[in-house]
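Here is what each chain is made of, one letter per residue.
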Amino acid sequence: MTAIEVENIGEQNRTNDDVSVIMRGVAIVGIVMHNWLHLCGFAKENEYTFDIKNSLAFFNNIGIDGVAHTIADLISFIGWVGIFVFMFLSGYGLEKKYGSSNLKVGEFLFKQWKKLFFLMILGVLSFVLKDLNRGGWKYLFSLTMLGNVIGNSLMPVGVYWYFGLTFEFYVLWLLLRKLNVWWLYAVGVLMLLIQALMIDIEWCYYVKYNFVGWGQVFVIGMIAGRCLKNMAINDWWLPVIAIVGTTGIFLCNFNKWCWLVILPFLSVVVIWSVSRLMIEWKYSRMLGIWVGRLSPFLFACHPIVRSLLLGESMANVNWTLKCLMYVAITVILSIGYEKIYRKVV
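Residues numbered from 1 in each chain as written. Predicted model: local features only at pLDDT ≥ 70, side-chain atom pairs only at ≥ 80, totals over all residues. Heavy atoms only, no water.

Asks: Would you explain the overall build of the protein chain in this entry?
Replies: The number of helices and strands found in the protein chain is 15 helices and zero strands. For the protein chain, the C-alpha radius of gyration of 20 Å lies close to 20 Å, the compact-globule estimate for 345 residues. By principal-axis analysis of the C-alpha atoms, the protein chain measures approximately 65 × 45 × 45 Å. In the protein chain, which comprises 345 residues, the share counted as buried stands at 48%. Of the contacts formed within the protein chain by residues at least 6 apart in sequence, a portion of 79% connects residues at least 24 apart. Carbon and sulfur atoms provide 68% of the accessible area of the protein chain, an area that totals close to 17,700 Å². Across the protein chain, the mean location of the 28 positive side-chain charges is 8 Å away from that of the 20 negative side-chain charges. (Helix = DSSP H or I, 4+ residues; strand = E, 2+ residues; numbered from the N terminus. Rg over C-alpha atoms; globule rule 2.2 N^0.38 Å. Buried < 20%, exposed > 50% of the residue type's maximum accessible area, 1.4 Å probe, protein only. Contact = heavy atoms within 4.5 Å. Areas by Shrake-Rupley, 256 points an atom, 1.4 Å probe, with all protein chains shown as cover. Lys, Arg positive; Asp, Glu negative; His and termini not counted. Charge placed at Lys NZ, Arg CZ, Asp CG, Glu CD.)

Asks: Teacher, can you tell me more about the packing of aromatic side chains here?
Replies: Each aromatic ring pair is described using two quantities: the centre-to-centre distance and the angle formed by the ring planes. Per the stated rule, a full pass over the model turns up 34 aromatic pairs. Relative to Tyr92, the ring of Phe88 lies with its centre 6.1 Å away and its plane at 15 degrees, an arrangement referred to as stacked. Taken together, the residues span about one helical turn, with Phe88 and Tyr92 both in helix α4 (residues 82-98) at a distance of four residues. Arranged with centres 6.2 Å apart and planes meeting at 55 degrees, the rings of Tyr98 and Trp173 form a pair that is tilted. Taken as a pair, Tyr98 in helix α4 and Trp173 in helix α7 (residues 161-176) lie far apart in primary sequence, 75 residues in all. Accessibility classification places Tyr98 together with Trp173 in one group, the buried group. (Phe/Tyr/Trp six-rings, centres within 6.5 Å; stacked < 30°, edge-to-face > 60°.)

Asks: I'm lost on the environment of Lys130 in this one. Help?
Replies: In this structure, Lys130 sits in helix α5 (residues 105-130). Taking the C-alpha atoms as reference, Lys130 lies 29 Å from Thr49; in sequence the two are 81 residues apart.

Asks: What am I meant to see in the pattern of salt bridges here?
Replies: Oppositely charged side chains are able to pair whenever their charged atoms sit close together. Applying the stated rule across the entire model yields seven salt bridges. Among the salt bridges present, the one from Arg285 reaches Asp18, with a minimum N-O distance of 2.6 Å. Taken together, the positions of Arg285 in helix α14 (residues 282-309) and Asp18 in helix α1 (residues 3-37) put the pair 267 residues apart, joining distant regions of the chain. For Asp18, a relative accessible area of 16% gives the class buried. Two residues, Arg134 and Asp131, come together in a salt bridge whose shortest N-O distance is 2.5 Å. Through salt bridges that share partners, Lys130, Asp131 and Arg134 make up one connected network. (Salt bridge = Lys/Arg side-chain N within 4 Å of Asp/Glu carboxyl O.)

Written out as structure tokens, the structure reads:
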């Protein structure tokens, strides 16, 4: 292998790493804004269960209240799909980082639990204090990462169910890491079949709060981490993929089987194409990488800010002003929390 070939491989690896980070950045923006807007009276989504009424209500309200309101409705309706990207990147990243390593299982799991614990501790404690007179102490159980599995009254508060889900994926990865690619496909199909069986019953909620509800995307991420070396595609196709794919995400919300089977993978492809576009320009690349690296802290901190701004004292404040305040305070708090976290963990 020549020096030029080695340099090209190194540059390609750096590009792939940057795209992965930017994907996290794009995904977290959608998630954080969705989690704000859907509680402010904008379009309801089909995140945990499929309800055609939500899709029709969004479609019927397009353009009625102006451009800004329509954009807010769109983000509220589909912004949550960034979760699929985090599931995909979890599988992808674990394979890239640890796929060929000899791990000590206990040490590995404790290390991951510790990271998650210190990420969510600030938010969990804030909700414990807020709801202390209404049994808020039970939120502390989510710090064990077992709240999702037990469910019921011990279900983590707000978005913090995601941390327990992430820990489940670490365990799942340990169980699946020795399987070949075809067995991984089989596991992904099995989890998809379980979701299909649960799609119209109340247990669908429980499935969606645990690894089976998102597992097919995680498994595809594992396969990509093993097999995907380079995606050679003409950059002119990227905006086409982004536009057509976003339209497809919207349309998937009108059929429960498309919502179940196609939407997860389409969401990953769309955010990948947007991230590939962003990497072509210096400042969008820098911004995407910065937001992507801050994404764990944005996710951990935004529920705290949301809880404060949705209180009665802010009820009469204009929604656009509250939205700007929400973004600004979340970013500032996340930057500060990251600095503390880096010193502790």
